[in-house]
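# Fold and contact review
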Amino acid sequence: MLSKKSQVLGESITLAITALANELKAKGEDVISFSAGEPDFDTPQALKDAAIFAIQKGCAQYTPIAGIKELLDAIKIKLERDNKLVYKTSEIITNVGAKHSFFQCIECLIDADEEAIIPAPYWVSYPEMVKYAGGRPVFVKTKEENGFKMTPRELENSLSDKTKILILNSPSNPAGCIYSKDELKALSQVLQGTKVIVLSDEMYEKIRYDGVAFHAFASVSEDALQRTVTINGLSKCGAMPGWRFGYMASKNKALISAVKKLQGQSTSNICSITQHAAIPALLGACDADIEAMRSAFQNRRDKALEILNQIPKISVYKPEGAFYLFVNISKIQSDSMKFCKELLEDKKVAVVPGVSFGMDGYFRLSYATSEESILRGLERLKNFIENYKI
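Below you will find a few notes about this structure.

## What to know about the overall build of the protein
Scanning the protein from terminus to terminus reveals 14 helices and 13 strands. Since a compact globule built from 390 residues should have a radius of gyration of about 21 Å, the 21 Å found for the protein is in line with a globular shape. Considering only C-alpha atoms, the protein reaches an extent of 60 × 55 × 50 Å along its principal axes. Counting the 390 residues in the protein, one finds 54% classified as buried. Within the protein, contacts between residues at least 6 apart in sequence are counted, and of these 75% link residues at least 24 apart. Looking at the protein, you have 49 positive and 47 negative side-chain charges, and the mean spots of the two groups are 2 Å apart.

## Quick word on the pattern of salt bridges
Note on pairing: side chains with opposite charge can pair once their charged atoms come close. Across all of its chains, the model carries 25 salt bridges by this definition. Across the pair Arg294 and Glu291 runs a salt bridge whose closest N-O atoms are separated by 3.0 Å. In this pair, Arg294 and Glu291 are both assigned in helix α12 (residues 287–308), 3 residues apart and thus about one turn of the helix distant. Assessed through its relative accessible area of 16%, Arg294 is described here as buried. Residues joined in a network through salt bridges with shared partners are Lys78, Arg81, Asp82, Glu205 and Lys206.

## Some remarks on the pairing of strand β3 (residues 115–120)
With respect to burial, β3 is a largely interior element, 6 of its 6 residues being buried. Side-chain alternation along β3 places Glu115, Ile117 and Pro119 on one buried face and Ala116, Ile118 and Ala120 on a second face that is also buried. In terms of strand pairing, β3 meets strand β4 (residues 136–141) through 6 bridges, oriented parallel. Within β4, the residue paired with Ala116 across the bridge is Pro137. At this point the chain moves from β3, through helix α6 (residues 125–132), to the parallel β4, and the crossover so formed is right-handed. Across 3 bridges, β3 lies against strand β5 (residues 163–169) in parallel orientation. The residue of β5 that forms the bridge with Ile117 is Leu166.

## What to know about the sheet that holds strand β12 (residues 352–353)
Pairing between sheet strands relies on hydrogen bonds along the backbone, with the strands arranged either parallel or antiparallel. Here 4 strands make up an open sheet; going across it, the order is β9-β10-β13-β12 and the pairing antiparallel. The sheet terminates laterally at β9 (315–316) and β12, the two strands that pair on one side only. Pairing analysis gives 2 bridges linking β12 to strand β13 (residues 362–366), with the strands arranged antiparallel. Bridging across to β13, Val352 finds its partner in Arg364.

Calculation criteria
Sequence order sets the numbering: in each chain, residues are counted from 1 along the sequence as written. Where local features are concerned, this predicted model is filtered to residues with pLDDT of at least 70; where side-chain atom pairs are given and counted, the filter is 80 or more; whole-chain, interface and lining totals use all residues. As a convention, hydrogens and water are excluded, and side-chain values are obtained from all of the structure's heavy atoms. A run of DSSP states H or I qualifies as a helix once it reaches four residues; a run of E qualifies as a strand once it reaches two. Both are numbered from the N-terminal end. Throughout, radius of gyration means the C-alpha value; the globule benchmark is 2.2 Å times the number of residues raised to the power 0.38. Throughout, exposure labels follow a simple rule: accessible area from a 1.4 Å probe, protein chains only, divided by the maximum for the residue type, with under 20% read as buried, over 50% as exposed, and the rest as partly exposed. We call two residues contacting when some pair of their heavy atoms lies within 4.5 Å. Counting rule applied: Lys, Arg positive; Asp, Glu negative; His and chain ends not counted. Just so you know, the charge point we use is NZ for Lys, CZ for Arg, CG for Asp and CD for Glu. Here a salt bridge means any side-chain nitrogen of Lys or Arg lying within 4 Å of a carboxyl oxygen belonging to Asp or Glu. A pair of strands is labelled paired if DSSP reports no fewer than 2 bridges between them. Crossover handedness is defined by viewing with both strands directed away from the observer: a clockwise path from the first strand over the helix to the second marks the crossover as right-handed.

This is the structure in structure tokens:
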């Protein structure tokens with residue numbers, strides 16, 4: 001009955017864990033969830049006001065596929081101001097969240113048996129999108145001692161005549177690593193002379209800690225600019241996850257045209273009210289709100305790390321960005337799914353197994369929740385690990 005294409009998709013484990021935790025909470029269970037991949041902060045008031053104004057003004061019509069002119073202008077300004085990237089508005093398209101940006105790009109780029117290089121650990125949806133398009137994910141398992149970052153040699157060894165795209169995520173979900181400018185340059189040099197297109201996921205660019213700088217992949221060289229699709233949005237850095245706002249920018253005219261056609265035959269434009277709400281965020285109206293959120297995340301990260309580092313037999317990489325901790329439990333349990341299931345059943349603490357990110361023996365813990373929940377949840381986790389039996 002169902003198409004073969006639809007049956008290759010796996011369920012999003014992060015969404016499934018979150019749903020299960022919410023279901024247990026609804027039954028009255030005292031569940032502490034560290035599974036959410038969204039900020040626990042409300043959307044800044046300036047964005048709400050812009051949306052309300054748009055509603056009252058009657059901005060409810062269909063818009064151009066790529067987005068309204070004022071919004072495209074704002075994205076163009078943002079990319080040049082923050083990332084030193086100069087795009088024409090004709091090279092920018094808004095999408096229903098950055099996940100939609102990735103989905104459409106991959107659908108328009110990948111043919112059967114073509115390959116997409118994906119460094120692991122990776123965001124859970126990347127390989128599923130590639131498989132849905134008929135392509136083959138090629139995983140590059142990174143090392144914790146390298147900060148979970150792919151090296152130029154690892155990239156070079158993964159290239160083949162079937163390689164079509166490279167998916168790069170910095171700051172990353174789930175590890176929180178950030179590639180330096182020199183590291184990005186080194187990767188870009190490996191790709192020179194190839195036809196590989198880079199899909200650069202930059203969703204967490206403003207959630208960074210300890211003064212670590214962010215650099216867009218497309219900014220490191222002219223070659224990188226020409227081969228990169230810069231993908232971003234406001235779900236994380238604008239506290240707008242449910243508004244579904246994402247965008248992509250590319251110098252590849254054929255790809256831009258193809259994505260416009262695909263979007264035109266599927267969602268048409270993104271929500272007209274969301275478009276108006278996004279403009280002040282892109283132009284800096286909520287920078288103070290973003291900084292307050294970032295600072296709170298850094299404090300939570302530090303408190304969580306302090307507790308986790310006192311628990312024997314586990315280790316955790318100190319993230320430079322995003323709002324996750326990727327915890328190494330391989331010394332006590334290599335089966336991350338089993339560990340996370342038992343933790344939820346026994347202690348009512350929800351975390352996401354590392355196997356869903358392509359790296360078993362780890363779990364992802366989101367600290368996008370209250371400090372009180374972090375302290376209570378990590379105390380339960382500590383007790384669980386100290387008494388854990390394989």
